[in-house]
Amino acid sequence: MGKGYKGKPCVYCLEAESADGDHVLSRQFVLPEHRGNLPKVPACKRCNNEKSKLEHYLTAVMPFGGRHGEAGRNLTEQVPGRLVKNERLHRELADGAERYLVSENGGQWQHGMTVPLDGRALEALFEYMTRGLAFLHWGLALGPEFAVRAAFLGEAARRPFEDMMAKNAEKVGGSLGGGAFEYEGAMAGDGSGLTVWRMSLYGAVVAGDGDAAGREERCSVAHCLTAPLAWPVTKKLLGMLGG
Ligand SMILES: [Zn+2]
């Protein structure tokens with residue numbers, strides 16, 4: 001595609017005409033020196049606004065949970081300014097923050113912090129990004145006749161999606177914004193629009209609610225699926241992704 005991002009079908013909804021190009025990974029997640037060459041797709045005003053709302057919230061919250069170097073500097077250099085402008089969110093994070101000590105793989109004990117996260121907001125952002133990446137890599141136009149659903153999956157639910165990723169024919173992958181966002185995707189070779197993705201932002205760990213046995217699963221990778229809504233199996237797959 002050329003430079004023009006106006007007057008094309010919006011990649012996110014396929015219903016409205018694009019008003020401008022949208023960065024699939026928002027520049028706000030990325031340090032200034034890594035903002036060059038972030039991919040853009042045509043987007044309509046409404047989708048751009050809806051995605052921006054998610055980004056506005058997540059760019060303030062996600063760096064707290066990030067393990068990638070990009071997140072650490074983002075946290076010290078960019079987040080304070082954002083929180084000053086958003087007092088309500090600042091209070092919510094301060095009230096919900098918990099500190100802990102963690103040792104990974106027998107390594108040195110390190111301080112960590114968890115903050116309350118609206119996980120659904122991150123999944124919704126990943127769904128927008130999946131549409132954008134499917135368009136960029138394969139020219140896929142995933143309109144209303146497709147299900148696009150991202151979720152942080154526990155051990156049991158994850159396996160079928162990993163199997164699908166291994167089986168699917170055309171694979172892509174990438175790292176955007178100096179490694180702030182990493183993804184892999186696989187598309188079925190039958191032209192159906194069936195794709196499966198793994199993606200993570202800052203390598204940040206998202207904790208689940210835990211089960212009755214007191215076990216809690218944590219994930220840094222979300223899985224995303226795109227599939228025709230008309231397929232009977234799509235409903236079953238969506239059920240595994242939480243509906
Ligand atoms: Zn749109």
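Throughout what follows, the structure given in this document is the object of discussion. (Residues numbered from 1 in each chain as written. Predicted model: local features only at pLDDT ≥ 70, side-chain atom pairs only at ≥ 80, totals over all residues. Heavy atoms only, no water.)

Some thoughts on the packing of aromatic side chains
Okay, so step 1: Counted by the stated rule, this structure contains 7 aromatic pairs.
Okay, so step 2: Here Y12 and Y128 contribute two aromatic rings whose centre-to-centre distance is 5.3 Å and whose plane-to-plane angle is 90 degrees, an arrangement assigned as edge-to-face. Here Y12, found in the segment before β1 (20-23), pairs with Y128, found in helix α5 (residues 119-138); they are 116 residues apart in sequence, far enough to count as distant. The pair formed by Y12 and Y128 is uniform in burial state, with each residue classed as buried.
Okay, so step 3: Summarising the aromatic geometry, the rings of F181 and Y183 are spaced 5.8 Å apart at their centres and angled 25 degrees between planes, so their arrangement reads as stacked.
Okay, so step 4: You can call Y183 buried: its relative accessible area is 9%. (Phe/Tyr/Trp six-rings, centres within 6.5 Å; stacked < 30°, edge-to-face > 60°. Helix = DSSP H or I, 4+ residues; strand = E, 2+ residues; numbered from the N terminus. Buried < 20%, exposed > 50% of the residue type's maximum accessible area, 1.4 Å probe, protein only.)

Overview of the coordination of the zinc ion
Okay, so step 1: Binding of the zinc ion to the protein goes through C10 (SG), C13 (SG), C44 (SG) and C47 (SG), at separations of 2.3 Å.
Okay, so step 2: If you look at the zinc ion, its 4 donor atoms make angles of 103 to 117 degrees with each other, and the shape they trace is tetrahedral.
Okay, so step 3: Sequence positions of the residues that donate to the zinc ion give the spacing C-x2-C-x30-C-x2-C. Here C47 lies in helix α1 (residues 45-65) and C10 lies in the segment before β1, a separation of 37 residues in the sequence. Each member of the pair C10 and C47 is classed as buried. (Donors = N, O, S within 2.8 Å, 3.2 Å for Na, K, Ca; no water. Tetrahedral: all angles 85-135°; square planar, octahedral: opposite > 155°, others 65-115°.)

Describing the pairing of strand β8 (residues 195-201)
A regular strand carries its side chains on alternate faces of the sheet.
Okay, so step 1: The buried fraction of β8 amounts to 6 of the 7 residues, a majority that puts the element mostly inside the structure.
Okay, so step 2: Direction of pairing for strand β7 (residues 181-187) relative to β8: antiparallel, over a ladder of 7 bridges. Counterpart to Y183 in the pairing with β8 is M199. (Pairing = 2+ DSSP bridges.)

With respect to α5
Okay, so step 1: Given a rise of 1.5 Å per residue, 20 residues ought to cover 28 Å, and the 28 Å separating the end C-alpha atoms of α5 matches this to within 8%.
Okay, so step 2: Most of α5 is tucked away: 16 of the 20 residues are buried.
Okay, so step 3: If you check the start of α5, you find a side-chain oxygen 3.2 Å away from the backbone N of R120, and it comes from D118.
Okay, so step 4: Note on α5: the residue one or two positions beyond its end, G139, has a positive phi of about 70 degrees. (Expected span 1.5 Å × (residues − 1). Polar contact = N/O pair within 3.5 Å; in protein donor to acceptor, adjacent residues only side chain to side chain.)

Some thoughts on the pattern of salt bridges
Okay, so step 1: Under the counting rule described, the total for this entry stands at 14 salt bridges.
Okay, so step 2: Close ionic contact of E123 with R120 constitutes a salt bridge, the shortest N to O distance being 3.0 Å. On the criterion of helical spacing, the pair formed by E123 and R120 is a turn pair, its members being 3 residues apart in helix α5.
Okay, so step 3: For E123, a relative accessible area of 12% puts it in the buried group.
Okay, so step 4: The residue R159 makes a salt bridge to E155 at a minimum N-O spacing of 3.2 Å. Here the residue R159 and the residue E155 both occupy positions in helix α6 (residues 155-167), the gap between them amounting to 4 residues, near one helical turn. (Salt bridge = Lys/Arg side-chain N within 4 Å of Asp/Glu carboxyl O.)

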